[in-house]
Amino acid sequence: MVVFLTSSPTGELGHSLNHLDHQNQFADNLKKYWKPDSRCCLIAAYPDHYQENDEMCDYFHSVFLQEDFSVQCFHLIDQRYQDFDRHTLQQYDVIILAGGHVPTQNSFFKKIQLREKIADFQGLIIGISAGSMNSADLVYCQPEEEGESVDPHFQRWIPGLNLTNINIIPHYQMVKDRYLDGVRLYEDITYPDSINHRFIVLVDGSYILIDNSTYVYGESYIIENGAISCLCHHDEMVEI
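Nothing here was measured: the structure is a model prediction, and the numbers come from that model.

1. Description of the environment of Phe 154
Part 1: Here Phe 154 lies in the loop between strand S6 (138-140) and strand S7 (157-159).
Part 2: For Phe 154 and Pro 143, which are eleven residues apart along the polypeptide, the C-alpha to C-alpha distance reads 8.4 Å.
Part 3: The contact partners of Phe 154, leaving out residues within four places of it in the chain, are Pro 103, Cys 141, Pro 143 and Glu 148.

Here it is in structure tokens:
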């Protein structure tokens, strides 16, 4: 199993791009692991958003074709197509874990028993934003929607797919100055949550590559025990 944990594989979120991000050697590194005539599967974050899921599947299919990645098929798993067994999933060469709302996606992953079915997968996994976050053994759910940070029932730590023990926080350049529920998202919520924990924070265009060893490419930071420090710069790579 080779895992790419991205913030956004197609560049900065909010910009309509019809190609993969070439910053920090992302597209080149991905192509090294891509098999000819790859069978691909996109697993949605919002299981009942059928039109959006169809559009997302078509979008990524076209992006990979435009970048000259060889694709035999590009299937979608959402609430309409959830009755599959482990053997069926293991027949894919590439599994893409879509972006979206972390707890919503996590609940769907539990419903379809993805943690068990994806274990020992021998192909390529690409996490996008929430999909990268939910790849962890124990997932950190950074509060995102209004009311979540003050909701006593909101779970900030939930079981994930166990593809890594790394907790990712994506889109740092977009949300680092954001306020949520009247307080600062990072300084007042995430920093306290990092006591006795480590978060790797990615800007769009940066990513983590796991292949025996673990490598971080591009601008990224570590938040740990209430403090932030630089992990890696743009156009650089570090092994962790």
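What follows continues from the structure just given.
2. Structural notes on the packing of aromatic side chains
Part 1: Considering all chains together, one arrives at 15 aromatic pairs under this definition.
Part 2: For the pair Tyr 172 and Tyr 186, a centre-to-centre distance of 5.2 Å together with 80° between the ring planes defines the contact as edge-to-face. Within this pair, whereas Tyr 172 is found in helix H7 (residues 172-175), its partner Tyr 186 is found in helix H8 (residues 185-193), the two being separated by 14 residues in sequence.
Part 3: Put simply, the rings of Phe 4, Phe 26, Tyr 33, Tyr 207 and Tyr 217 touch in pairs and so form one group of aromatic residues.
Part 4: Over the ring of Phe 69 we find Lys 31; its NZ or CZ atom is 4.7 Å from the centre of that ring.
Part 5: Sitting over the ring of Phe 84, Lys 117 keeps its end group 4.2 Å from the ring centre.

3. Things to note about the pattern of salt bridges
Part 1: Here the structure, examined in full by the defined rule, presents seven salt bridges.
Part 2: A salt bridge links Arg 80 to Asp 54, with the shortest nitrogen-to-oxygen separation between them at 2.7 Å. With Arg 80 in the loop between strand S3 (71-77) and helix H3 (86-90) and Asp 54 in helix H2 (residues 50-66), this pair connects stretches of sequence that are 26 residues apart.
Part 3: Linking Asp 137 and Arg 115 is a salt bridge whose minimum nitrogen-to-oxygen distance equals 2.9 Å. You can see Asp 137 sitting in the loop between helix H6 (130-133) and S6 and its partner Arg 115 sitting in helix H5 (residues 114-118), a full 22 residues away along the chain.
Part 4: Relative accessible area serves as the criterion here: at 33%, Asp 137 is assigned to the partly exposed category.
Part 5: Classification of Arg 115 by relative accessible area gives partly exposed; the value is 29%.
Part 6: Overlapping salt bridges, with partners in common, bring together Asp 54, Asp 78 and Arg 80 in one network.

How each quantity is defined
- Residues numbered from 1 in each chain as written.
- Predicted model: local features only at pLDDT ≥ 70, side-chain atom pairs only at ≥ 80, totals over all residues.
- Heavy atoms only, no water.
- Helix = DSSP H or I, 4+ residues; strand = E, 2+ residues; numbered from the N terminus.
- Contact = heavy atoms within 4.5 Å.
- Phe/Tyr/Trp six-rings, centres within 6.5 Å; stacked < 30°, edge-to-face > 60°.
- Lys NZ or Arg CZ within 6 Å of the ring centre and 35° of its normal.
- Salt bridge = Lys/Arg side-chain N within 4 Å of Asp/Glu carboxyl O.
- Buried < 20%, exposed > 50% of the residue type's maximum accessible area, 1.4 Å probe, protein only.

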